[in-house]
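Working through the structure, step by step
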Amino acid sequence: MSQRNYRAAIVGTGGIATAHARAIADSGGRASLVAVADVDLGRAKEFAETWNVPGAHAGLAELLREEQVDVVHLCTPPRLHAPQAVECLEAGVTALVEKPPTLSLAEFDTLIEAERRSTAHVATVLQHRFGTGALRLRRLQDAGALGRPLLATCVTQWYRDEAYYAVPWRGTWASEGGGPTMGHGIHQFDLLFSVLGPWREVTAVAARQARPVDTEDVSMALVTFESGAVATVVNSVVSPRQTSELRFDYEHATVEVEHLYGYTDDDWTITPAPGHEKVSDLWAQGHSTVPSGHDGWLAAVLDALDQGQAPPVTAGDARRTMEFIAALYASAFTGERVRSGQITADSPFAQTMEGMGAPWEKVRDK
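A short tour of the structure in this document, coming up.

The rules behind the values
Residues numbered from 1 in each chain as written. Predicted model: local features only at pLDDT ≥ 70, side-chain atom pairs only at ≥ 80, totals over all residues. Heavy atoms only, no water. Pairing = 2+ DSSP bridges. Helix = DSSP H or I, 4+ residues; strand = E, 2+ residues; numbered from the N terminus. Contact = heavy atoms within 4.5 Å. Axes fitted to C-alpha atoms, helices over the stretch in contact; angles between N-to-C directions. Salt bridge = Lys/Arg side-chain N within 4 Å of Asp/Glu carboxyl O. Buried < 20%, exposed > 50% of the residue type's maximum accessible area, 1.4 Å probe, protein only. Polar contact = N/O pair within 3.5 Å; in protein donor to acceptor, adjacent residues only side chain to side chain.

**Regarding the sheet that holds strand S14 (residues 338-339)**
Strand order in this open sheet of eight strands is S13-S12-S11-S7-S10-S9-S8-S14, and the pairing throughout is mixed. Each edge of the open sheet carries a strand with a single partner, namely strand S13 (268-272) and S14. Two elements, strand S11 (residues 238-250) and strand S12 (residues 253-259), share six bridges in a ladder whose sense is antiparallel. Looking at S12, one finds that Asp-249 is bridged to Thr-254. Lying over the sheet, helix H12 (residues 315-334) contacts strand S8 (199-207), strand S9 (218-225), strand S10 (230-236) and S14, oriented at roughly 50° with respect to S8.

**Some words on the pattern of salt bridges**
Inspection of the entire model under this criterion finds 15 salt bridges. Among the salt bridges present, the one from Arg-241 reaches Glu-258, with a minimum N-O distance of 3.8 Å. Remark: Glu-258 occurs in strand S12 and Arg-241 occurs in strand S11; sequence separation between them is 17 residues. A salt bridge links Arg-247 to Glu-256; its shortest N-O distance comes to 4.0 Å. A relative accessible area of 34% places Arg-247 in the partly exposed class. Through salt bridges that share partners, Arg-30, Asp-303 and Asp-306 make up one connected network.

**Focus: unusual backbone geometry**
Across the junction of Lys-99 and Pro-100, the peptide omega takes the value -15°, indicating a cis bond. Position of Pro-100 relative to the elements: it lies in the loop between strand S5 (94-98) and helix H5 (105-117). Its identity as a non-glycine residue notwithstanding, Asn-52 has a phi of 55°, on the positive side. Residue position: Asn-52 is located in the loop between helix H2 (41-50) and strand S3 (55-57).

**As for the side chain of Asp-190**
Of note, Asp-190 is situated in helix H9 (residues 186-196). According to the relative accessible area criterion, Asp-190 is buried, its value standing at 1%. In terms of polar contacts, Asp-190 uses its side chain to reach the side chain of Arg-129, at 2.7 Å. There is a polar contact of 2.9 Å between the side chain of Asp-190 and the side chain of Thr-321. When near neighbours in sequence (up to four residues on either side) are disregarded, Asp-190 contacts Leu-126, Arg-129 and Thr-321.

**Considering the sheet that holds strand S2 (residues 31-37)**
Strand order in this open sheet of six strands is S3-S2-S1-S4-S5-S6, and the pairing throughout is parallel. The sheet is open, and its two edges are formed by S3 and strand S6 (122-125), each paired on a single side. This sheet shows a mean twist of 25° between the axes of neighbouring strands, independent of strand direction. As paired elements, strand S1 (residues 6-11) and strand S4 (residues 71-74) share four bridges and run parallel to each other. Of the residues in S4, the one forming a bridge with Val-11 is Leu-74.

Written out as structure tokens, the structure is:
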């Protein structure tokens, strides 16, 4: 496999852009940050100076017109992700899109069509798939060492105060697409799906408990997988003791991770079932101190591009996660159990995650 240096750009120089710039800088020469763009040109220039980037632009169109780049990291607000990704694809440039990749399933399908017409690719930044703990878990599971998956719990209990939602684009369906289900818990349950595979059906509730937002601030779901495994998924931004937790109960062992915004191998534990103590030895093999984060994700992206393949997380991978989000909202707002594939193009929940409307009064986007 030959390696090359990829010319990268970042669009949107807010907080998450720093993680992308650091990952590019730490790529060992496999990628170089050659340009940035932001609607606030002054902020773009300041970011460029901080990271020693030669090009600073006032927008994506200008960047694509004036720079030669291979990949663009989209770190803009969620409502801009889809149109900017399409703009990149039409220019033949691979788009690496922060979560959530789009605001709706319909918008995501537009993105898939744009990718089909392009020579480039689109991938979603869901970096927890690429930590060494998750890689080890999937490897042992696929080898049959853990037995059949039976039960899982997936918890994202974070805390975001009212000041957090003072940012105009936060807390509305039109700009964020949803609440913690869409923008916070997606990291944990995407990792859940990367381990347990396709989900089959979901029953859910969602509520606005405390925050002055139009979206939910908590949700809970019961999920059944094609494998027969069952799971609970909890998403919250009203929980003062913050935690991110995943627990997988297999026939031969329980595997758990507890962290907040990123894990290391030390955050994982394994508890063998009686008579299966050897799985602890298998788990201990290959222990690493590399955390989950943008570094591991970017390395996987560059590996795929070196091989001429679509970078992870592919459009198909991300669509399954986005379909789950739509199904969770549909179940919560209709009171019905929702099956995979049930939300077709003519469903209101395909057009917007809000569907026919949340069962509470709007307070921000009246």
